[in-house]
Amino acid sequence: MAQRSAIPLLIPARPAGGNGAQPPGGEPGPGPEAPAARIQTGLWFLLVAVAMLFVAFTVSYLARRTAPDWRPVPLPALLWINTLVLLSSSAALEEARRRGRRGAGGAMRRALGLTALLGGVFLFGQIAAWRELAAAGLFMRTSPHSAFFYLLTAVHGVHLLGGLGALGYALRRVAGAPQAAVAVTLGAVAIYWHFLTVLWIYLLGILWV
Amino acid sequence: MNSEHSTQRSGAAVGIALAGLIVAAVVGTMVARGRWWFPPLASAQGRAIDALFLATFVIIAAAFILVQGLLAYFVWRFRDRGQRASYWHEHRALELTYTIIPAVVMTALTLVAAGLWSRIHSAPPAGALVVQVRAEQFGWKARYPGPDARFGRVDPAQYHPRRNPLALDGADPAGRDDLVVDASTRELHLIVNRPVEIRLSAKDVVHSFFVPGFRIKQDAVPGMTTSIWFTPTQTGQFEIACAELCGVGHYAMRGRIVVQTPEEYAAWLAEQAAP
Amino acid sequence: MAQVAHAEAAHELSFWRKYIFSQDHKVIGIQYALTSLAMAVLGGFLAMFIRLQLGWPGQSWPLLGRLFPGGMPDGQISPAFYLSSVTMHGTIMVFFVLTTLLTGGFGNFLIPLMIGARDMAFPFLNMLSYWLYPPAILILVASFFVSGGAAGGGWTAYPPLSALPQAAPGSGLGQTLWLVSLAILIVAFLFGSLNYITTVLQLRTRGLSMLRLPLTIWALFVTAILALLAFPVLLAGAIMLLFDRTAGTSFFIPAGLLLGSVPVDHAGGNPLLWQHLFWFLGHPEVYILILPPMGMISDILANNARKPIFGYRFMVGSIVAIAFLSFLVWGHHMYTSGMHPLLGTAFMTTTLVIAVPSAIKTFNWLATLWQAKIRFTSAMLFALGFVSLFVTGGLTGIVLAQPPVDIYFQDTFFVVAHFHFVMGAAAIFAAFAGTYYWFPKMFGRMMDERLGKWHFALTFAGIYLTFFPMHYAGFMGMMRRIYSPALYAHLRGLAPLNVFISIAAFVLFAAQFIFLYNFFRSLFRGRKAERNPWGATTLEWTASSPPPHGNWGEALPVVQRWAYDYSPPGVAEDYLPQGAPAAAPIRRGDGDGRREH
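Residues numbered from 1 in each chain as written. Chains lettered and ligands numbered in written order. Predicted model: local features only at pLDDT ≥ 70, side-chain atom pairs only at ≥ 80, totals over all residues. Heavy atoms only, no water.

Draft legend 1. Spatial organisation of the overall build of chain A. The secondary structure content of chain A amounts to 5 helices and 0 strands. Listing the helices and strands of chain A from first to last along the sequence gives α-α-α-α-α. Considering chain A as a whole, with its 209 residues, one finds that 47% of them fall into the buried category. Taking all contacts inside chain A whose residues are at least 6 apart in sequence as the whole, residues at least 24 apart take part in 80%. Surface exposure of chain A reaches about 10000 Å², of which carbon and sulfur atoms provide 68%. (Helix = DSSP H or I, 4+ residues; strand = E, 2+ residues; numbered from the N terminus. Buried < 20%, exposed > 50% of the residue type's maximum accessible area, 1.4 Å probe, protein only. Contact = heavy atoms within 4.5 Å. Areas by Shrake-Rupley, 256 points an atom, 1.4 Å probe, with all protein chains shown as cover.)

Quick look at the structure:
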């Protein structure tokens, strides 16, 4: 179905001529938007909030990094494997959406399950990376670098846990649902999930370098 | 809904209340001027600060009287007396006027204040007396560099709460003539008309070095040294107050400054040197 | 229709689903409002402790000492208890009363109704948003009873004081609980903001373009965006501070600290980082607290003046400008912090700039009253009071905006006076105005107007008498968060002033019980309200009082005009509702400067 832009034009057209019968505000309003646009709008603004959280962490991190006593700690190579796992989960999610669009309900649900599984593997992998660090004697208190590492991975992980919850919810909802609704639900989950994947790559980037 | 009579009364009452507010504010401020006002000015750059405050005060007092007055007048004049309200709700010129006038006033204040601010934070003049002040829970410790005008090194390992509270390194000859004064139990001494730079540090939490008479305030932040400079222009005693919440003793974190003539100051210094 | 069937199905809901875990925005709004009211009483009591101590330092209060033995040994308020009172008073009033009431209470109730929607975009998320609030309260209140007592570092919680449990009794477990409670509440605010933004963008009824929105909605909408952008930054800071306290990190704690004689085992952090993070939220937060009032006051003034709000477009522009600029001024809380002086100059500039849209709004409110037909309902009285209080508070902001002058006033009672006028007075007045105005819609009954007038008179006088003299205390240099000014020679003359303020504060607090009595009595015994008792133009008044689940029956209202057709020319009625069809033909030449709509 034709979807309107999620963010409608905020400044309506000026009334033609400045006087007379034109109602103020120009064009009449669009009327209530379909649920798809609603969910999309809500999700994009959610991403804005999550992004601001990490902007604040980033600013704090960069401020700390520029101090003369900065000594980075070696980060486990496991993180690269975790990254691949997370990327794969995003791929699996896209696969699920493709299957959903083609109406292949079973394959779609399997792909969704794979996404969730890979997400879970990622989280376990993160915990494993923590344990590797701890075994090397690197805890939150050891150095600012390790502090930020634990902090950023933890906060990202918590959000990913939320994403797993969303996946679980989506799995239940798409059972027997019409294709349009499925597309909306999976689209919403995808926005959030891919955002977390991109966010992870960004975090790894600033932590590793 | 109000009866017409009640509306008349309410309109008059609110108008009178607002007018009364203006009167009370003016009278109250005049009373306050006599007893609850700034302590006498005792520093050189404080003069410009007081002048800027006075100018701002005049502006906001005028605005206060104008706006509260208009409010009082409109509320009384346009109370419901059976008239129909006017549909008038746009007037670009008027709106631009009360956009531009505040903007001009704000710009003028910005420029003046910016100039003064940069002067306040300019480098202290050569020959300024330098004093280190360390804030702690709950008092002030000052250190003078002594005749060699150099501060000795600090060695945290040599800290002792009573004998060496500033953790001076006994091995550093530059520190031998440093003079440490507890400005809470005794006083920090300054010389009248001699600029002084205060270098602030903090031992534990954030404090703030506030001397109302000099119109100065600067936070003392752990992990960094902040500084301000000023020139005391009156002899006498002045109080240091802590102006940043620092714990349960925050209210008792009082210090004292004594501003003396050069002769008195020299005499005081000599006293400190004597064993 | 699906929506009506859904509305009817609501009758099948259990008591729990209808009134407790409701997803109806009206119920959620009322839940927010009532909970905020309870917190306001608590916050008010804490203020009474503060004034008791400042009015009569050193005095013993045996009766209170028996009620609060922990905080008042021998009947004397202890310094730690005093600081906890100050901290919790501020925290509760800012976050747990004003933010929750204005955005959660009024925002939830009004947004769908004023835009012609049946409910918020995400009703389940909305319910979740409210139900994070009571747990946050429980954690916060619990902090009073833990060892060391409630947090005592001020609502600003500057580290290292707030980061080192040994630095003060109030920096113990109480501070941790404070941070956890705030974090939970921030998530509630974020969920709420998502709802408000999406609902205003997507669920406006037909005909309701953005420039036909009432200013209440513009304000709530822009406020929600502010909250969404700003609160996460404080959340980040709170998380880092929690780790500094519990995990040995040093985000905010530098090296070399000594508490007493005990070295502190942290290094590398910067206390100023917290200040930047805190005020990056803290300043937009105060605009979160003043923008919805500005919007509501505009609508209430217009309605009671029977006149369109003056300068609607400039009003919308000002709201947006204030919101945008509010992100650029936070450093004016930090002029003496030790940050680079050039930053001070930059922040001064933006701060003085933000005064301009506030001035525009003030003059537009005045112009709205010009040639009006003012009726003095309780709502209108509080709306007029708002204008007066906002002017007073805003003007003193101009003093504080300039760093050279702020040096003297920073952390003195001049600042306390300033923010009480804008937040504790003006914003609260708007909340009162909104309550008197929308109570009929919320509960289907009218509040008592006579009690309302008494409430107004006592509160208006009480607020000026309590907070105006605080400016004078600031002139003398009386510092904030001071357990007793008596130790300072330069503050010796303050005692009579502090006594006066305290007595005025007691009277002010007592007067609020008139409101409480009126509110609760009217809930059960108030005169039944008609659909549109105030003759208002906006859409919520086309629903019944109170509206059913789903707000309207079969047909949603359709909007034909803007929200301010009061006393429209060429029409017999003294107002035209937004949803009413086009009125009689417009006659040209009906007067200068009057645009026909």
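Back to the write-up after that little detour.
Draft legend 2. Region of interest: the sheet that holds strand β7 (residues 216–220) of chain B. All names here are of chain B. Reading across from one edge, β4-β10-β9-β6-β7 is the order of the 5 strands in this open sheet, with mixed pairing throughout. Two strands bound the open sheet, and with one partner strand each, they are β4 (188–191) and β7. Averaged over all adjacent pairs, the angle separating strand axes in this sheet is 25°, with direction ignored. Packed onto the sheet, helix α4 (residues 262–273) meets β4 and β10 (254–260) and runs at close to 145° relative to β4. (Pairing = 2+ DSSP bridges. Axes fitted to C-alpha atoms, helices over the stretch in contact; angles between N-to-C directions.)

Draft legend 3. Main features of the pairing of strand β1 (residues 129–136) of chain B. All names here are of chain B. Of all 8 residues in β1, 7 are buried, a share of seventy percent or more. Taken together, the 7 bridges between β1 and strand β5 (residues 196–202) define a ladder with parallel strand orientation. Bridge pairing in β5 links Val130 to Glu197. Between β1 and strand β2 (residues 139–144), which pair antiparallel and follow one another directly, the connecting turn spans 2 residues.

Draft legend 4. Structural context of the interface of chain C and chain B. In this assembly, 116 residues from chain C lie in contact with 95 residues from chain B. Here chain C and chain B share an interface that buries about 9400 Å² over both sides, 70% of which is from carbon and sulfur atoms. Seen at the junction of chain C and chain B, the total is 2 salt bridges. Of the charged contacts in the structure, one is a salt bridge between Lys373 of chain C and Asp80 of chain B, with a shortest N-O distance of 3.2 Å. Sorting the residues of the side of chain C that touches chain B by element identifies α5 (79–115), β1 (258–259), α10 (271–305), α11 (312–326), α12 (341–369), α13 (378–401), α14 (403–409) and α16 (449–476) of chain C as the ones contributing at least two each. Per-element accounting of the side of chain C that touches chain B gives the leading share, 16 residues, to α12 of chain C. Of the residues contributing to the side of chain C that touches chain B, the split by class is 74 nonpolar, 28 polar and 14 charged. (Buried area = accessible area lost by both parts, 1.4 Å probe. Salt bridge = Lys/Arg side-chain N within 4 Å of Asp/Glu carboxyl O. Nonpolar A, V, L, I, M, F, W, Y, C, P; charged D, E, K, R; others polar.)

Draft legend 5. Up close: the arrangement of the chains. Across the 2 pairs of chains that are in contact, the largest number of contacts falls between chains B and C. The two units chain A and chain B remain apart, with a minimum C-alpha distance of 12 Å.

Draft legend 6. Representation of α13 of chain C in the model. Between the first and last C-alpha of α13 of chain C there are 34 Å, a value that for 24 residues agrees with the 34 Å anticipated at 1.5 Å per step. Among the 24 residues of α13 of chain C, 23 are classified as buried, and the element is accordingly described as predominantly covered. (Expected span 1.5 Å × (residues − 1).)

Draft legend 7. Structural view of the packing of helix α2 (residues 46–77) of chain B against α13 of chain C. Where α2 of chain B contacts α13 of chain C, the two axes come as close as 9 Å, and the packing angle between them is 170°. Considering their axes alone, α2 of chain B and α13 of chain C lie roughly antiparallel with respect to each other. Residues Phe53, Thr56, Ile60, Ala63, Phe64, Val67, Gln68, Leu71 and Val75 of chain B of α2 of chain B form the contact with α13 of chain C, whose own contacting residues are Leu384, Val387, Ser388, Val391, Thr392, Leu395, Ile398 and Val399 of chain C. Looking at the contact of α2 of chain B with α13 of chain C, its residues break down into 13 nonpolar, 4 polar and no charged. (Parallel < 35°, antiparallel > 145°, perpendicular 65-115°, else oblique.)

Draft legend 8. Just the pattern of salt bridges, in detail. Residues and elements named next belong to chain B. Considering all chains together, one arrives at 19 salt bridges over all chains under this definition. In this structure, Arg92 engages Glu90 in a salt bridge whose closest nitrogen and oxygen atoms are separated by 3.2 Å. When its relative accessible area of 41% is taken as the criterion, Arg92 is described as partly exposed. If you follow the salt bridges from partner to partner, you end up with Arg134, Glu136, Lys141 and Asp182 in one network.

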